[in-house]
Structures are given as structure tokens and as C-alpha cells.
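Examining the three-dimensional arrangement
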Amino acid sequence: MTGSHLRVLVVGGGGREHALAWACASSPLVEEVICAPGNGGTGAVARNFPVKATDARGLVRLAKEERIGLVVLGPDQAIAAGVGDAVVESGIPCFGPSRAAGQLETSKSFAKELLRDLGIPTAPFQVFRDPGLALEHLSSKRGPVVVKADGLALGKGAFVCSGQEEAKAIVRRLMLDRELGEAGQAVLVEELLLGEEVSCFAICDGTRAVMLPPARDYKRALDRDQGENTGGMGGFTPPSGMDPQVLNLRVKEEIVEPVLLEMARRGMPFRGCLYVGCMVQADVISVLEFNARFGDPEAEVLLPTLSDLVPCLWEAARGDLQSPQPTQLESAAVGVVAVREPYPQAVVPGGGIEGVGQAEALGCRVFHMGTRQGEDGLPEVAGGRVLICVATGGDLLGARRQAYSGISLIHFQGMRYRTDIAL
Ligand code: AMP
Ligand code: GLY
């Protein structure tokens, strides 16, 4: 592919999609990027269209009208809604899996059973569709145990419990009270794994993969990993622990390639970004979970460190991945997420955001997560996680200092962030 002819549609409206839209718009191969629905920040690099990320028909119509050559799926909800299938059926290349291949993320039991079949290390587990049986099973458990909702739960479906009483309470909340709706139709009870957690990313074309740098994210709301689970409060690369290149090579050979082979064999080849949530202990890399998309906030942290990603996305979408892995232009990056209180509880939207320009003048990159365009045309707060301030550099310490200098210049009402990202 040569020349700037490619027109790209990025589906979604969070920080990950702002980062993807920015990365695509920066590519010399790309003529224009559009977002559906986008947010208050994506408007600066793309044109926003008010089509929902789950509206498969509406998105196909938009892609046709706008002569789109590549659709990039951001959120898991789009995958679960079959947007990938509809786009591919319409003849447009799609970076993002079919609904069937997306089960790697949308059904934890599907993913865990596949891992078990392939002999890939993962926490020993059992799946329960009957609350009585789950509770009975937990009665025999001593010590910590992990309970998970089987289905999609916006990162809020996994509970590390200190003992059986706590675990039983979670089973009741998930299966009887249906606190997370359909996601709690089945639950998994897992053994607790110890070690260093790290996220790995493979750009996949159905059979082949190239790896992006690994990263770490922070799920808990408060410093020192206290408080509730969230959609992500920040992240950084490179993660501590195993050498990133060794880690990537092993994840590719031990996990990604066998999974791609098996998915293709089952008639559901995986095209898109396979996110491998790993637990590394000593020499063993276990899979905690898969996601069928880029991580959020990992995408915001990683993309600014990489050379043009579009050749890989384009080739992977067409099932013909030839390009090498993108070059890492900066070896370190840190991203700090600013939320509105009382996130992760529901927040009241509205109110402007100040200081983004000043943070950018320092060399930071600010991606919007939960913002929208206000009546005055300026971005305003629209959701709990509002934005992420990212700094890149040659070393983690410098990137960290810059990211925190940047975010300290930003202000909106009720703003809060963790002070220990990448510490
Ligand atoms: P998941 O949604 O499956 O990624 O789980 C969310 C988080 O819960 C992970 O990022 C881990 O921090 C933690 N977690 C999940 N499963 C386990 C496990 N088996 N052992 C230890 N921690 C876990
Ligand atoms: N950062 C975790 C996720 O994207 O699910």
C-alpha cells in the first residue's frame, strides 16, 4: 500500500479509541479518520459521527457512505454485538474479530477451556451454571479463591476473595442478585495465582502474529492497589520482571500461536489484537485472561511509543500480515488517568476541562476517555474516567516525572488520580 489513500473508521468512544484514531491519523498511509461515536477529544484528529459502537448496521452504512477502507474495532461491546461480522460481510476489511472469535474475551469459560485443552498454564478452575453447586464447591475451599462472572463485565467481573465466606457472598451477588446481569449466568471459581502481572499484545491475522511491547496497568481505584476495581487508573511500559523481549517471544510461541492455530481449526480465526493478561512467576507464564481488543489504558500508553501501526492493522485485517513488528521509538511511557469523584461509582457529567494545552506544551499527550463536546464546542466531562496524560521517554523515571507534571496542570471539577503509577 502506498500513498495516503486509506480512509479509516475507528469504532468506539473512549481513551483507547482516541489513541487509535490519533495513531491512524498520524500515518502517512491514511487520508482521513472518522470515529463512531468518538468523544470530545477525537474531534481533533478525526470526524465524529453519532453512531453507537454496537450498531452494526449503522456502522456498515456509515463505512460505505464514507468510502472506508479499514474499520478498527475498539471496545469489546462492538465485538460482542457482531460488528466485526457485519463489516466483513459488507466486504470492508476489519481489524477486530468476529463474534465467535471474540469469545476468547466474552466467555471466560470458553477461554479457560481452550487453554486447558491446549495445555497452556492458567489457574485451575471450575465453571458453575447452578448457584447451589458453586456454593457447595466453595464450602470445601480453604484460603483465598478467585470468583469471576463468565460474561462481559467492563473489567468489574473478577473478585479475589480472602476466603470461602467472601467468595460465597460474591456468588450470591453474581448468580442470584444478578448484579452484573447476564454476565453472571455462569461463574468460574479459580485458584489464586501469585506473581508479577503483565499485559501482552499480539496483532493477529488469523494465523500469524506480531507482538507489541508489554505493559502494566492499574485496576484498583486508589494508591497502593486499594479500593475497588476500575476500568484502569493508569499504566506504564516497560513492565518490571522478565525481560520484555524474552517475555514477548515466549508469549508468542507458548500462548498466541497455539491459540491462533486452534481457533482457526475450530473455524473461527482470530483477527485483531489479542490481549494476553499474564501472571509471571519464576519461569512460568500463566494466562489470567484474554481480551479480544487493545487494552485500555494500555493502548494510550503504548501507541505514542511506536512507529506507524497502520501497515500491521491493515494487513492483519486482510489476513495477510507481512510487516514486521512496529519499531519502538521510545523505550518507556507512563500514563496517569484522571477520574471524576466518586468513580467507580456513577458520576454526574458536565463541566469544562482546563490545562490540557499546558500539559501538551510540556510534551505530554492527553487522550480523552469520558468527554464530549459541550454546547460551546469545548470538551466537557461525560464519564467517570475523564482523560489520561501520557509521557514517553528513554527511561521510566523521566516519563513518570513528566506525566505527573502534565497532569498536575490539568483541572476539572471533582478530579482525582492515583499518585503511585509506575512507582
Ligand atoms: P480478569 O478480568 O480475569 O483479568 O481479572 C481481573 C484481575 O483480577 C486480574 O487482572 C488480576 O489482577 C486478578 N485475577 C484474576 N484471576 C486471578 C487469579 N487466578 N489469580 C490471581 N489474580 C487474579
Ligand atoms: N486494561 C485492562 C483492559 O483493557 O481490560
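Going by the structure above, here's the rest.
All of these numbers come straight from a predicted model, not from anything done at the bench.

Cut-offs and rules
Residues numbered from 1 in each chain as written. Chains lettered and ligands numbered in written order. Predicted model: local features only at pLDDT ≥ 70, side-chain atom pairs only at ≥ 80, totals over all residues. Heavy atoms only, no water. Pairing = 2+ DSSP bridges. Helix = DSSP H or I, 4+ residues; strand = E, 2+ residues; numbered from the N terminus. Right-handed = clockwise from strand over helix to strand, strands pointing away. Near = heavy atom within 4 Å. Polar contact = N/O pair within 3.5 Å; in protein donor to acceptor, adjacent residues only side chain to side chain. Areas by Shrake-Rupley, 256 points an atom, 1.4 Å probe, with all protein chains shown as cover. Nonpolar A, V, L, I, M, F, W, Y, C, P; charged D, E, K, R; others polar.

With seven bridges joining them, strand 1 (residues 6-12) and strand 2 (residues 30-37) adopt parallel strand pairing. Bridge pairing in strand 2 places R7 opposite E32. In this fold, strand 1 hands off to helix 1 (residues 15-25), which returns the chain to strand 2; that crossover is right-handed. With two bridges joining them, strand 2 and strand 3 (residues 47-48) adopt parallel strand pairing. Pairing of C35 across the sheet is with N48, part of strand 3.

Within the structure, ligand 2 sits among D217, Y275, N291, R293, G295, D296, P297 and E298. One of the side-chain nitrogen or oxygen atoms of D217 is found 2.7 Å away from a nitrogen atom of ligand 2. Measuring from an oxygen atom of ligand 2, one finds a backbone N or O atom of D296 at 2.9 Å. Against a free-state accessible area of 200 Å², the protein chains account for coverage of 90% of ligand 2. Grouping the constituent residues of the shell around ligand 2 by class yields two nonpolar, two polar and four charged.

As a structural note, the neighbourhood of ligand 1 is formed by 14 residues, with K148, E190, L193, E197 and E289 the closest of them. Take K108: an N or O atom from its side chain is 3.2 Å from an oxygen atom of ligand 1. Between ligand 1 and E191, the relevant distance is 3.0 Å, taken from a nitrogen atom to a main-chain nitrogen or oxygen of the residue. Protein coverage of the free-state accessible area of ligand 1, which is 470 Å², stands at 90%. Mapped onto the shell around ligand 1, the elements with two or more residues apiece are strand 7 (145-149) and strand 16 (284-291). Of the residues in the shell around ligand 1, the class split is seven nonpolar, no polar and seven charged.

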